[in-house]
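These are the residues of each chain, in order.
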Amino acid sequence: GAITSLGLLKLGRLFRDMKSNQTLEVIGLDADTRSDLFKLLPSASYELIAVEERVDTSIRVCLRKT
């Protein structure tokens, strides 16, 4: 479930390359990685659409780039 540091860097690059109003969905984060994701992305650059904690302890995060 956890995303490696390299995976987190790739997510950051993917997010930077996205256009405004595009949506990014990330599934399979543990709590620590989720907080790392929010530290990586400037809060003014996205709108948080959804955070769902699932029974199997995975997490789904949806962000829209502003």
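Preceding this paragraph is the structure being described.
Structure report, in brief. Counting restarts for each chain, with residues numbered from 1 along the sequence as it is written. Local features in this predicted model are restricted to residues whose pLDDT is 70 or higher, and side-chain atom pairs enter the listing and the counts only when it is 80 or higher, whereas totals over whole chains, interfaces and linings include all residues. Only hydrogens and water are removed before side-chain values are computed, so all heavy atoms of the structure are retained for them.

**Observations concerning the overall build of the chain**
Scanning the chain from terminus to terminus reveals 2 helices and 3 strands. Runs of E in the DSSP output that reach at least two residues are strands. Runs of H or I that reach at least four are helices, and both are numbered from the N terminus. Across the chain, helices and strands are ordered from the amino to the carboxyl terminus as α-β-α-β-β. At 11 Å, the chain has a C-alpha radius of gyration in line with the 11 Å of a compact globule built from 66 residues. For the chain, the spread of C-alpha atoms along the principal axes amounts to about 30 × 25 × 15 Å. Burial here depends on accessible area, computed with a 1.4 Å probe over protein chains only, as a share of the maximum for the residue type. Under 20% is buried, over 50% is exposed, and the range in between is partly exposed. Taking all 66 residues of the chain together, the buried fraction comes to 33%. Excluding contacts between residues fewer than 6 apart, the proportion of contacts in the chain whose partners are at least 24 apart in sequence is 56%. A total accessible area of about 4,400 Å² is found for the chain, and carbon and sulfur atoms account for 52% of it. Side chains of the chain give 10 positive and 9 negative charges; the mean places of these two sets differ by 9 Å. Taken over C-alpha atoms, the radius of gyration is set against a globule rule of 2.2 Å times the number of residues to the power 0.38. Two residues qualify as a contact provided that any one of their heavy atoms is within 4.5 Å of a heavy atom in the partner residue. Under the convention used here, a 1.4 Å probe and the Shrake-Rupley method define accessible areas, while residue burial counts only the protein chains that appear. In this tally, Lys and Arg are treated as positive and Asp and Glu as negative; His is ignored, and so are the chain termini. Taken as the charge location is NZ of Lys, CZ of Arg, CG of Asp or CD of Glu.

**Overview of the environment of E52**
Considering the arrangement of structural elements, one finds E52 in strand 2 (residues 46–53). Overall, the relative accessible area of 35% leaves E52 in the partly exposed class. Distance in space between the C-alpha atoms of E52 and D17 is 25 Å, their sequence separation being 35 residues. Residues within four places of E52 in sequence aside, it is in contact with S58, I59 and R60. In this structure the side chain of E52 is engaged in a polar contact, spanning 2.8 Å, whose partner is the side chain of R60. Under this definition, polar contacts are N or O atom pairs within 3.5 Å; protein pairs additionally need one hydrogen-donor-capable and one acceptor-capable atom, and for neighbouring residues in sequence, both atoms have to be side-chain atoms.

**Here we look at the sheet that holds strand 1 (residues 23–27)**
The rule for pairing is simple: two strands pair if DSSP sees at least two bridges between them. Pairing is antiparallel in the open sheet, where 3 strands are placed in the order 1-3-2. Lying at the two open borders of the sheet, with one neighbouring strand each, are strand 1 and strand 2. Neighbour-to-neighbour, the strand axes of the sheet open up by a mean angle of 15°, direction not taken into account. Both strand 1 and strand 3 (residues 59–65) contribute to a ladder of 5 bridges, which runs antiparallel. From the neighbouring strand, I27 faces strand 3, where its bridge partner is R60. A fitted line through C-alpha atoms serves as each axis, taken over the contacting stretch for helices, and the angle formed by two N-to-C directions is quoted from 0 to 180°. Sitting on the sheet, helix 1 (residues 5–17) is in contact with strand 1, strand 2 and strand 3, with an inclination near 165° to strand 1. In the packing of helix 2 (residues 31–40) onto the sheet, contacts are made with strand 2 and strand 3, and the angle to strand 3 comes to roughly 10°.

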